[in-house]
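Breakdown of the fold
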Amino acid sequence: GKDGYRHYMEKELHEHPLVIGQTLQRMVDPATRKVVLPPLPCDLATIPRGVITACGSAYYAGMIGRYWLEEIARLPIDIDVASELRYRNPPLTPGSLGMLISQSGETADTLAALRALKAIGLPVLSVLNAEHSTMARESDLVLGTVAGPEISVASTKAFTAQLTVLACLTIAMGRARGTLDEAGEDELVTALLDLPGKAAEVFSHQADIRKMAGIVAEARDVLYLGRGSAYPVAMEGALKLKEISYIHAEAYAAGEMKHGPISLIDRTVPIVATIPSGPLFEKTLSNLQEAKARGGRLLAFTDEAGAERLSAIAEHTIALPEVHPFVTPVIQTIGVQILAYETALLKGTDVDQPRNLAKSVTVE
Ligand code: F6R
């Protein structure tokens, strides 16, 4: 049942801390604090490239995985949505590792992409919530997200569990490839072990996020902006808003705004910014100032360190808990998912069963 929550989506949002913790328990040895992976179908130290594919929210998790794997493990990544990858016939580098991400393990396009990767001889590692699914059977290795059943059509907890697995994979990859030393690994593992507690703290901002939702619910169009690993978070926020509130939303890399979407900006198009403090803060802030100067209404998800600067220009600023920059996308995701939920409540839509959508898309 819903355990007293109004919707499965609300219940599953509140399970973020639990599923992140359970997934970490599966992947991090508590005694040594090292990431431990099952035997792999390839040598992480020598693979030349990785290929990531998935659909929808799982694809956005993959995009965050790309930022991590490239930056921390220096592994070049090709990434595409499964429905494109399977027909694109890309000239993939022999010996690359295929990686796919799926909650259900049954999504038709992702399954077809898995078969296409296997057909050209690549080993496939799958990040799956359904460990007895078709994709699980056909993959060379399954890394399980321990998120439990997800009932709400809109994915929530599966997403942060996917990020948790991808973060652990990045650490193992960095160690194998010599880009991460002992101290570096320990720092990142500490950041991950810190996450369940920090994720729980996000809910202390729910009432403030509801106020933000009051502005979003009045809009016909909403822009989401972010840079770096906060960009896929913006995409996830925009998708979730579209899915359950039926409000049109688009995400842009903040630096792309001036190449077109800036012409949309006026009082009627709120801008949701995912802007954690860290190396990209100043750049993103200056993009937001440009939007503000053109009459845009800013709604910002930042953290305690970024809050003061943002509250000077934004109508609503959410100071999410401070975490290591590595894991900010996990905390930011919970914020934008709550915003979509609160907006859907104001719109009175069928949150758990949005129109035209099915939980598992087994048609192409
Ligand atoms: C978004 C959502 C979808 C799924 C996508 C992939 O909230 O639920 O975008 O993420 O259909 O599904 P799986 O992960 O089952 O392959």
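Our structure's up above, just so we're on the same page.
Being a predicted model, the structure only gives us computed values, none of them experimental.

So, about the pairing of strand E5 (residues 97–102). Among the six residues that make up E5, six are buried, leaving the element largely enclosed by the rest of the structure. Side chains of E5 alternate between two faces, with Leu97, Met99 and Ile101 and Gly98, Leu100 and Ser102 buried alike. The pairing of strand E3 (residues 50–54) with E5 spans four bridges and is classified as parallel. By the bridge assignment for E5, Thr53 is matched with Leu100. Direction of pairing for E5 relative to strand E6 (residues 124–128): parallel, over a ladder of five bridges. The residue bridging Gly98 from the neighbouring strand is Val124, located in E6. A crossover links E5 with its parallel partner E6, the connecting element being helix H5 (residues 108–119), and its sense is right-handed.

This brings us to the site of the ligand. Close to the ligand lie 14 residues, the nearest being Ser102, Gln103, Ser104, Thr107 and Glu243. In this structure, Ser102 approaches the ligand through a side-chain N or O atom, which is 2.6 Å from an oxygen atom. Here Thr107 contributes a side-chain N or O atom positioned 2.5 Å from an oxygen atom of the ligand. Here the ligand loses 90% of its free accessible area of 410 Å² to cover by the protein chains. Sorting the residues of the shell around the ligand by element identifies helix H3 (56–73) and helix H11 (230–245) as the ones contributing at least two each.

In a regular helix each residue adds 1.5 Å, so 20 residues correspond to 28 Å; helix H14 (residues 328–347) covers 29 Å between its end C-alpha atoms and thus fits that length. Most of H14 sits inside the fold, with 17 of its 20 residues counted as buried. In the stretch just after H14, Gly348 is the one whose phi turns positive, near 70°.

Rules of the game
Residues numbered from 1 in each chain as written. Predicted model: local features only at pLDDT ≥ 70, side-chain atom pairs only at ≥ 80, totals over all residues. Heavy atoms only, no water. Buried < 20%, exposed > 50% of the residue type's maximum accessible area, 1.4 Å probe, protein only. Helix = DSSP H or I, 4+ residues; strand = E, 2+ residues; numbered from the N terminus. Pairing = 2+ DSSP bridges. Right-handed = clockwise from strand over helix to strand, strands pointing away. Near = heavy atom within 4 Å. Polar contact = N/O pair within 3.5 Å; in protein donor to acceptor, adjacent residues only side chain to side chain. Areas by Shrake-Rupley, 256 points an atom, 1.4 Å probe, with all protein chains shown as cover. Expected span 1.5 Å × (residues − 1).

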